[in-house]
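# Coordinates in review
The residues making up each chain are set out below.
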Amino acid sequence: MPSKKVVTLHVNGEAREITVPAHRTLLEVLRELGHVEVKCGCEKGDCGACAVLLDGEAVDSCLTLAWRADGRAVTTVTGLGGPDDVHPLQAAFIEHGGAQCGYCTPGMIMAAKALLDEDPSPTTEDIKRGLSGNLCRCTGYTRIFSAIHSAARTLREQRDVV
């Protein structure tokens, strides 16, 4: 087995090539590529702060080897939207105060995105289950749940209009 390999990551729609050793995680590579919006929390899959979408599925990037992401689509929270085109989840987190210190917010939003893609009308129990791999030490979750319910309504309304 080679000790290093060139991998191509399609991060937020942009192809990025990088040579990485077999043991490097997707989190380490994304941050090396400048995606510091992907947070480094526990580095053992307990907090979910590093969650990204890998081909649309939420994964803890600290537990995912970069080689496993070769040729696949990686979406970070900045890939959802930015200041000029805010995603409904981002807008709802702002509106409902779903972020306090904000460290966990990118991972929360990515986990919520994966949940809403799978279930556009989740119950509060569904949201709790969908975010069960994400920890927030500041907000107490109530505002996060409100934000996700609000974003779900907005996304359903947008689908009805189209």
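The structure displayed is predicted, hence computed values, not measured ones.

The five strands are arranged β2-β1-β5-β3-β4 in an open sheet whose pairing can be described as mixed. The open sheet has two edge strands with one neighbour each: β2 (14-21) and β4 (57-60). Each neighbouring strand pair of the sheet contributes to a mean axis angle of 40°, computed without reference to strand direction. In the packing of helix α4 (residues 105-118) onto the sheet, the strands contacted are β3 (51-54), β4 and β5 (73-75), and the crossing angle to β3 comes to about 35°.

On inspection of all chains with the given rule, the structure shows eight salt bridges. A salt bridge links Glu-125 to Lys-128, with the nearest nitrogen and oxygen atoms 3.4 Å apart. Separated by three residues within a single helix, Glu-125 and Lys-128 lie in helix α5 (residues 124-130), roughly one turn from each other. Its relative accessible area of 40% is what places Lys-128 among the partly exposed residues. Put simply, Arg-24, Glu-28 and Glu-32 are held in one network by salt bridges that share partners.

Looking now at the environment of Leu-116. Checked against the element boundaries, Leu-116 lands in helix α4. Sequence spacing of Leu-116 and Val-29 is 87 residues, and the spatial spacing of their C-alpha atoms is 27 Å. Not counting residues within four places of it along the chain, the set of residues in contact with Leu-116 comprises Leu-89, Pro-122, Ile-148, Ala-151, Ala-152, Leu-155 and Arg-159.

Turning to the side chain of Arg-24, a few remarks are in order. With respect to the element layout, Arg-24 can be found in the loop between β2 and α1 (26-32). Judged by relative accessible area, which is 18%, Arg-24 ranks as buried. Within the local environment of Arg-24, its side chain forms a polar contact with the side chain of Glu-28, the two groups lying 3.5 Å apart. The contacts of Arg-24, once residues within four sequence positions are left out, are Val-29, Glu-32, Leu-65 and Ala-66.

What counts, and where the lines are drawn
Residues numbered from 1 in each chain as written. Predicted model: local features only at pLDDT ≥ 70, side-chain atom pairs only at ≥ 80, totals over all residues. Heavy atoms only, no water. Pairing = 2+ DSSP bridges. Helix = DSSP H or I, 4+ residues; strand = E, 2+ residues; numbered from the N terminus. Axes fitted to C-alpha atoms, helices over the stretch in contact; angles between N-to-C directions. Contact = heavy atoms within 4.5 Å. Salt bridge = Lys/Arg side-chain N within 4 Å of Asp/Glu carboxyl O. Buried < 20%, exposed > 50% of the residue type's maximum accessible area, 1.4 Å probe, protein only. Polar contact = N/O pair within 3.5 Å; in protein donor to acceptor, adjacent residues only side chain to side chain.

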